[in-house]
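Summary of structural features
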Amino acid sequence: MTKLAQWLWGLALLGSTWAALTTGALGLELPSSCREVLWPLPAYLLVSAGCYALGTVGYRVATFHDCEDAARELQSQIREARADLARRGMRF
Amino acid sequence: MATGTDQVVGLGLVAVSLIIFTYYTAWVILLPFIDSQHVIHKYFLPRAYAVAIPLAAGLMLLLFVGLFITYVMLKNQKATKKVQ
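Reading the values: the criteria
- Residues numbered from 1 in each chain as written.
- Chains lettered and ligands numbered in written order.
- Predicted model: local features only at pLDDT ≥ 70, side-chain atom pairs only at ≥ 80, totals over all residues.
- Heavy atoms only, no water.
- Domains from an automatic or database assignment.
- Contact = heavy atoms within 4.5 Å.
- Buried area = accessible area lost by both parts, 1.4 Å probe.
- Salt bridge = Lys/Arg side-chain N within 4 Å of Asp/Glu carboxyl O.
- Polar contact = N/O pair within 3.5 Å; in protein donor to acceptor, adjacent residues only side chain to side chain.
- Nonpolar A, V, L, I, M, F, W, Y, C, P; charged D, E, K, R; others polar.
- UniProt positions renumbered as here; feature names shortened; annotations may be inferred.
- Helix = DSSP H or I, 4+ residues; strand = E, 2+ residues; numbered from the N terminus.
- Phe/Tyr/Trp six-rings, centres within 6.5 Å; stacked < 30°, edge-to-face > 60°.
- Buried < 20%, exposed > 50% of the residue type's maximum accessible area, 1.4 Å probe, protein only.
- Axes fitted to C-alpha atoms, helices over the stretch in contact; angles between N-to-C directions.
- Parallel < 35°, antiparallel > 145°, perpendicular 65-115°, else oblique.
- Left-handed = near helix turned anticlockwise from the far one by under 90°.
- Patch = residues over 30% accessible without salt bridge, like charges linked within 9 Å, V, L, I, M, F, W, Y side chains within 5 Å.
- Areas by Shrake-Rupley, 256 points an atom, 1.4 Å probe, with all protein chains shown as cover.

1. Notes on the domain arrangement of chain B
Residues and elements named next belong to chain B. For chain B, the assigned domains read domain 1 (1-44) and domain 2 (46-83). Distance from the C-alpha centre of domain 1 to the C-alpha centre of domain 2: 26 Å. Contact residues are listed per partner, giving five residues for domain 1 and seven residues for domain 2. Of the roughly 440 Å² buried where domain 1 meets domain 2, counting both sides, 57% is carbon and sulfur surface. Interface area lost by domain 1 to domain 2 is led by Tyr 24, Trp 27 and Val 28, which between them contribute 81%. At the junction of domain 1 with domain 2, the criterion picks out zero salt bridges. At the junction of domain 1 with domain 2, the criterion picks out three residue pairs in polar contact (both at pLDDT 80 or more). Across the side of domain 1 that touches domain 2, the residue classes break down as five nonpolar, no polar and no charged.

In structure tokens:
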């Protein structure tokens, strides 16, 4: 089974469980506070997944290993190359 | 470690995501178990908004992404037409 099929299968399973529980199709008498938590659950999972993604991106941006010397060296090499090529007649 | 604005932006994103996560978790998961007379309920909107606001935000995001793609495609089309 492909990864997509696996994900869709898992989502279908969880989705049908949630739908069965929220609509009361299984005939279970859940306490009202549990029902209150249950019905926004898909939205909650989506929002937390989004928050996790945002936080991970932010964290990795903040802890990225910059190499300032290498960056400066590279910029000066680029300027050198541009000047050299411009001298040889290439137009940017 | 990243420097300057990179660090600020990165840590800002982490802080924002933590704030949103904590508030939303309290709203969806914790509030139903707290007595409805408690003062904390004053700080949270009615529960229907807990689904309506993320849904609206998601639709706005899709709209924005679609508009951006349309804009870029039109710009490319015009550029190729000019070359022709």
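Anyway, onward from the coordinates.
2. Some remarks on the domain arrangement of chain A
Residues and elements named next belong to chain A. Considered domain by domain, chain A is made up of domain 1 (1-30) and domain 2 (31-91). Between domain 1 and domain 2, the C-alpha centre-to-centre distance is 34 Å. With six residues of domain 1 at the contact, the number on the domain 2 side is eight residues. Buried area between domain 1 and domain 2, both sides added, is near 610 Å², and the carbon and sulfur share of it is 67%.

3. Some details on the UniProt feature "transmembrane region" (unreviewed entry) in chain A
When the UniProt feature table is mapped to this numbering, "transmembrane region" (unreviewed entry) covers residues 43-62 of chain A. This span, residues 43-62 of chain A, is 100% helix and 0% strand, and a straight line between its end C-alpha atoms measures 28 Å.

4. Regarding the packing of aromatic side chains
Across all of its chains, the model carries five aromatic pairs over all chains by this definition. Taken together, a centroid distance of 4.7 Å and an interplanar angle of 25° make the contact between B:Tyr23 and B:Phe44 stacked. Of this pair, B:Tyr23 sits in helix 1 (residues 4-30) while B:Phe44 sits in the loop between helix 1 and helix 2 (49-83), and the two are 21 residues apart along the sequence. Exposure remark for B:Tyr23: the relative accessible area of 35% places this residue in the partly exposed category. For B:Phe44, a relative accessible area of 13% gives the class buried. Ring geometry for B:Tyr24 against B:Trp27: centres 6.2 Å apart, planes inclined by 90°, an arrangement best described as edge-to-face. With B:Tyr24 and B:Trp27 both in helix 1 and three residues apart, this pair spans about one turn of that helix. The two residues B:Tyr24 and B:Trp27 agree in class, both being buried. Members of the aromatic cluster, joined through ring pairs, are A:Tyr44, B:Phe21, B:Tyr23, B:Tyr24, B:Trp27 and B:Phe44.

5. Focus: the packing of helix 3 (residues 41-62) of chain A against helix 1 of chain B
Packing of helix 3 of chain A against helix 1 of chain B brings their axes to within 7 Å, and their N-to-C directions diverge by 160°. Taken as axis vectors, helix 3 of chain A and helix 1 of chain B run roughly antiparallel relative to one another. As helix 3 of chain A runs across helix 1 of chain B, the sense of the crossing is left-handed.

6. Regarding the pattern of salt bridges
Applying the stated criterion across every chain yields a total of four salt bridges over all chains. The residue A:Glu36 makes a salt bridge to B:Arg47 at a minimum N-O spacing of 2.8 Å. Here A:Glu36, found in helix 2 (residues 32-38), pairs with B:Arg47, found in the loop between helix 1 and helix 2, and the two come from separate chains. Note on A:Glu36: relative accessible area 32%, which makes it partly exposed.

7. Quick look at a nonpolar patch on the surface
Residue and element names in this part refer to chain B. Nonpolar side chains collect at one region of the surface, where Leu 61, Phe 64, Val 65, Phe 68, Ile 69, Tyr 71, Val 72 and Met 73 lie side by side and expose about 830 Å² of accessible area between them. Mapping Met 73 onto the fold places it in helix 2. Under the relative-accessibility criterion, Met 73 is labelled exposed at 55%.

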